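Below are the chains, spelled out letter by letter.
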Amino acid sequence: MSTERPADTDVYAGTGLPELGLRNYWYPVLASWRLRRRPRPVRLLGEDVVLFRDGAAIHALKDQCAHRGARLSRGRCLYPGSGTLTCPYHGWTYAGDTGKCVARIMEGPDTPIPEEARVRSYPVREHRGVIWLFVGDMEAVPLDEDLPECLANTAEWHTISTWRSYRCNWRVLNDNLCYDLHAPFVHRNSPELVFQPVFPFASRIAATGLEDGKGLGYTARDGITGARFPGLGPFPPPREALWRRLKPRGRGEEMDPETAEATKRYGIRYRHMSRLPAVTLVGRPAGDYFMCRWVTPVDAETTLFYSLNAFRRRHALGTMLDRIGWALWQSWAHDWLFSDQDKRIVEGVRSDAEQLSLSDAGVVAWRKFMVENARRPPAAATGVGLETAAE
């Protein structure tokens, strides 16, 4: 039974963004340490995949035996060193690199095996302590082509990653992460921001294409940090005013590309960026740190949220201090509590109606960019857009 909603009950139907995510991209799916001797089932873009190790090699196959449909993830690598996975039901054995059936154990070694006796194999890579999968309708591009510089360049950056599952469609979480001005309201009393100046709100948001053509950079101008609303009173409320008076350096500072250290030293022009397929980068004006938040669509109702904290390498002691600081502060203050504030709201969002307004300028721009610039197979490169957009 199809999980697609009728067009008149899903606001995303008119955007052209597919319910199961953008194909033809690499996505993080599993921490490397979680794949051990036993095969591991994962789901990506609605497709069931089994990951398995054989020595140093990782393979990915469709998690469904071509024989009678048993789950290959319940099988095992019966012949170590062969790069194969054996079905637990009748012993059909598949090559991890091609998906071709190379043996039918219960039928004997002399049984002829037709060419069509195979399952789909998926491109898979291990990078930054994470396993990445490519689900698409074309030959996989190099992994680095889909990674921002802070993840691709292992010589200059080191990373710490966490993940969590969201009970929502990927498009809802993707909207939440691009620049939509919710942070000054939702997160103003989070551990990270409670003793910070108020984030500017009521800003004018501009979205500009990145130089590599793979995303958008955001800037916000002319924001305010306080206002009185007729019939209601001031924002922030008076009860929050006391701790706001401490006024340390503000986390919400906008980065001026003409004067920012990140621009002068590294050519980084935006503190907040969105990149295809569904990646958000939020950094510091110094250019030495980025939160890289990767939205991985699992199925229509589930999304994997991978957060990769990227620190620019300094020296051995500096790297150790970055990791200690993350463990003692960022891991719980941001990756847990800060993100939980979003999670509680996002998982309750309904997509049967919306009224977009000025604060959604970044959301509108990012939705449009994704549809117009999503990667397509070469044969479809001259088409008008994603298949779902043309239907």
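See above for the structure.
As the structure is a computational prediction, the values presented were derived from the model and not from experiment.

A word on the overall build of the protein chain
Thought 1: Helix and strand counts for the protein chain come out as eight helices and 18 strands.
Thought 2: Considering the protein chain as a whole, with its 391 residues, one finds that 50% of them fall into the buried category.
Thought 3: Taking the contacts inside the protein chain whose residues are at least 6 apart along the sequence as the reference set, 61% of them involve residues at least 24 apart.
Thought 4: Of the roughly 19,600 Å² of accessible surface on the protein chain, 54% is carried by carbon and sulfur atoms.

Regarding the sheet that holds strand β9 (residues 130–135)
Thought 1: An order of β1-β9-β8 is seen for the three strands of this open sheet, with the pairing classed as antiparallel. Of all the strands in the sheet, the pair left with one neighbour each is β1 (25–31) and β8 (124–127). Within the sheet, the average angular offset between the axes of one strand and its neighbour, ignoring direction, is 35 degrees.
Thought 2: Looking at chain direction, β1 and β9 are connected through six bridges and run antiparallel. Across the sheet, the residue bridging to A31 is V130, located in β9.

Comments concerning the state of the cysteines
Thought 1: Here the structure, examined in full by the defined rule, presents zero disulfides.
Thought 2: You can see C65 has no disulfide; the closest cysteine sulfur is in C87, sitting 3.8 Å from it.
Thought 3: In this structure C65 comes out as buried when scored by relative accessible area, which is 5%.
Thought 4: With a relative accessible area of 5%, C87 lands in the buried category.

What about the pairing of strand β15 (residues 272–275)?
Thought 1: Burial of the side chains of β15 extends over both faces: H272 and S274 are buried on one face and M273 and R275 on the other.
Thought 2: In this antiparallel pair of consecutive strands, β15 and strand β16 (residues 279–283), the connection spans three residues.

Section: the sheet that holds strand β17 (residues 289–299)
Thought 1: Strand order across the open sheet formed by seven strands is β10-β18-β17-β16-β15-β12-β11, with antiparallel pairing between neighbours. The two strands at the open ends of the sheet, each matched to only one other strand, are β10 (157–166) and β11 (204–209). For this sheet the average axis-to-axis angle between neighbouring strands, irrespective of direction, equals 20 degrees.
Thought 2: In this structure, strand β12 (residues 215–221) lies alongside β15, joined through four bridges in antiparallel fashion. Bridge pairing links Y218 to H272 in β15.
Thought 3: Sheet strands in contact with helix α2 (residues 170–177) are β10, β15, β16, β17 and β18 (302–312), and its direction is about 165 degrees off that of β17.
Thought 4: Taken strand by strand, helix α7 (residues 361–373) contacts β11, β12 and β15, and its axis lies near 165 degrees from that of β12.

Some thoughts on the pattern of salt bridges
Thought 1: What the rule picks out here adds up to 27 salt bridges.
Thought 2: Between K343 and E347 there is a salt bridge, with its nearest N and O atoms 2.9 Å apart.
Thought 3: Because the salt bridges share partners, they merge into one network encompassing R43, D48, D63, R71 and D299.

Some details on the nonpolar core
Thought 1: Counting 70 residues, the largest nonpolar core has L51, L133 and W294 as the members making the most contacts within it.
Thought 2: Setting aside chain neighbours within four positions, we find L51 in contact with V29, L30, L35, P39, R40, V42, H59, A60, V124, I131 and L133.
Thought 3: Ranked by size, the runner-up nonpolar core spans 13 residues in total, among them L61, C65, A70 and L85.

Looking at helix α6 (residues 316–346)
Every α-helix winds through 3.6 residues per turn, so residues three or four apart in the chain are directed the same way.
Thought 1: Here α6 contains 31 residues, and its C-alpha end-to-end distance of 39 Å is more than 12% below the 45 Å for a straight helix at 1.5 Å per residue.
Thought 2: The largest bend in α6 is about 60 degrees, located at Q330.

Overview of a nonpolar patch on the surface
Thought 1: Together, L317, M320, L321, I324, L328, W329, W332 and W336 line one region of the surface with nonpolar side chains, adding up to about 820 Å² of accessible area.
Thought 2: By the element assignment, W332 lies in helix α6.
Thought 3: The exposure class assigned to W332 is partly exposed, which follows from its relative accessible area of 31%.

Thoughts on the pairing of β8
Thought 1: Examined bridge by bridge, β8 and β9 share four bridges and lie antiparallel to one another. Pairing of E126 across the sheet is with I131, part of β9.
Thought 2: In textbook terms, the turn of a hairpin is the stretch between consecutive antiparallel strands, and for β8 and β9 this stretch comprises two residues, one of which, R128, has a positive phi near 60 degrees.

Analysis parameters
- Residues numbered from 1 in each chain as written.
- Predicted model: local features only at pLDDT ≥ 70, side-chain atom pairs only at ≥ 80, totals over all residues.
- Heavy atoms only, no water.
- Helix = DSSP H or I, 4+ residues; strand = E, 2+ residues; numbered from the N terminus.
- Buried < 20%, exposed > 50% of the residue type's maximum accessible area, 1.4 Å probe, protein only.
- Contact = heavy atoms within 4.5 Å.
- Areas by Shrake-Rupley, 256 points an atom, 1.4 Å probe, with all protein chains shown as cover.
- Pairing = 2+ DSSP bridges.
- Axes fitted to C-alpha atoms, helices over the stretch in contact; angles between N-to-C directions.
- Disulfide = S-S within 2.5 Å.
- Salt bridge = Lys/Arg side-chain N within 4 Å of Asp/Glu carboxyl O.
- Core = buried A, V, L, I, M, F, W, Y, C linked by side-chain atoms within 4.5 Å.
- Expected span 1.5 Å × (residues − 1).
- Bend = angle between axes of the 7 residues up to and from the residue.
- Patch = residues over 30% accessible without salt bridge, like charges linked within 9 Å, V, L, I, M, F, W, Y side chains within 5 Å.

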